[in-house]
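A structural walkthrough
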Amino acid sequence: MSVVVGYELYKRYGKVQALGDVSFAIEENTITGLIGRNGTGKTTLLKMMAGHLKPTQGKLRVFAQNPFDNLDVAGKVFLVDDTMAFPDSFTLQDILREVAVFYPNWNSQIAQGLLEYFLLNPQQRHSNLSKGSKSTFNAILGIAARCPLTLLDEPTTGMDSAVRKDFYRVLLKDYLEQPRTIILSSHLLGELEDILEDILLLNQGGLLMHKPILDLKQYALGFRGSAQALRESLLNRLSEEAVLHREEFVKGSLYLVIKTEELPEDFENIRSSGVEILPVALDDLCNILTAPRKGGIDDVYKRG
Ligand SMILES: Nc1ncnc2c1ncn2[C@@H]1O[C@H](COP(=O)(O)OP(=O)(O)OP(=O)(O)O)[C@@H](O)[C@H]1O
């Protein structure tokens, strides 16, 4: 069953088009990474799913309903983001008590346990928490609410790397204990790839791809070697579209990222020409796929 379905979605803020012609379906009980560069519409899409924003055009369904201003959907969706605000006088304990009322699957034991695990003092005021601790506490709310649809917008902002790792472990553990649909946006794909099943990659307000993460891992390969060897053994046999990225790293040497489906089956003569074949890290691949144009920083320094 699809929990979230978007069909030809558009969102405009005045003259700014944040999302354009985005269609996708997110299946029940999956963890999806919403990935994209700054300003590509991730927050906008999550806010629309949570019913806080209305699409300008197109159709969005969450649990088969229009989520905008919909109380029934609101009870099934939890959005964790850095705009979560609570009265200044509220301690963490007060917030846990208040939030618990709204969510039928709320698990107090998990909430208390995680507060302790992440060394957060229940008597401390939310308004006095450090940036990283605020993110941790907000994420605890999202986890303990155990909503059928849990949306996390860059949940690790401000967390140090040890807390981030712990947070991902906790999220995965909780998901395995109570499977639900989780969508989390992040720039740090590298550190969350192990918990993701699918990836929704946005680029400049459009949907670039929606794939299982395993397919993305096989999407491209890197080739490093002399420019001449690469040209003779590989480039001459490929179309321009097959080359996702090209970078000169030492005079006369090239690093290429090539779409796997466009590669010749036999790598032997590529290897025998001294070319190294390398996996491409997912972070790098996403950066390449969402680059404004082919090439890299080298192009900037070649100008003039
Ligand atoms: N309230 C608003 N009014 C006008 N423009 C907005 C508003 N909110 C977002 N935008 C614009 O919409 C586009 C998408 O913004 P959004 O915050 O959804 O992107 P994002 O992918 O979450 O970015 P980031 O990774 O930097 O958080 C950006 O160009 C942004 O400036």
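Fair warning: this is a prediction, and the values are worked out from it, not measured in the lab.

1. Observations concerning the pattern of salt bridges
Here the structure, examined in full by the defined rule, presents 10 salt bridges. We note a salt bridge from Glu-177 to Arg-146, for which the minimum N-O separation is 3.1 Å. Here the residue Glu-177 occupies a position in helix α6 (residues 161–177), and Arg-146 occupies one in the loop between α5 (131–145) and β6 (149–153), the gap between them amounting to 31 residues. According to the relative accessible area criterion, Glu-177 is exposed, its value standing at 58%. Using a relative accessible area of 6% as the deciding quantity, one classes Arg-146 as buried.

2. Some remarks on the site of the ligand
Residues in contact with the ligand amount to 13 residues; listed here are only the nearest, Asn-38, Gly-39, Lys-42, Thr-43 and Thr-44. Lys-42 places a side-chain nitrogen or oxygen 2.7 Å from an oxygen atom of the ligand. One of the side-chain N or O atoms of Glu-154 is found 3.3 Å from an oxygen atom in the ligand. Within the complex, the protein chains bury 59% of what would otherwise be the 640 Å² of accessible surface of the ligand. Elements that contribute at least two residues to the shell around the ligand include exactly β2 (16–27) and α1 (42–49). Its residues placed into classes, the shell around the ligand shows 3 nonpolar, 7 polar and 3 charged.

3. A closer look at the UniProt feature "domain: ABC transporter" (unreviewed entry) in the protein chain
What UniProt calls "domain: ABC transporter" (unreviewed entry) maps, in this numbering, to residues 4–229. The span residues 4–229 shows a helical share of 33% and a strand share of 30%, and its end C-alpha atoms are spaced 48 Å apart.

Definitions and limits used
- Residues numbered from 1 in each chain as written.
- Predicted model: local features only at pLDDT ≥ 70, side-chain atom pairs only at ≥ 80, totals over all residues.
- Heavy atoms only, no water.
- Salt bridge = Lys/Arg side-chain N within 4 Å of Asp/Glu carboxyl O.
- Helix = DSSP H or I, 4+ residues; strand = E, 2+ residues; numbered from the N terminus.
- Buried < 20%, exposed > 50% of the residue type's maximum accessible area, 1.4 Å probe, protein only.
- Near = heavy atom within 4 Å.
- Polar contact = N/O pair within 3.5 Å; in protein donor to acceptor, adjacent residues only side chain to side chain.
- Areas by Shrake-Rupley, 256 points an atom, 1.4 Å probe, with all protein chains shown as cover.
- Nonpolar A, V, L, I, M, F, W, Y, C, P; charged D, E, K, R; others polar.
- UniProt positions renumbered as here; feature names shortened; annotations may be inferred.

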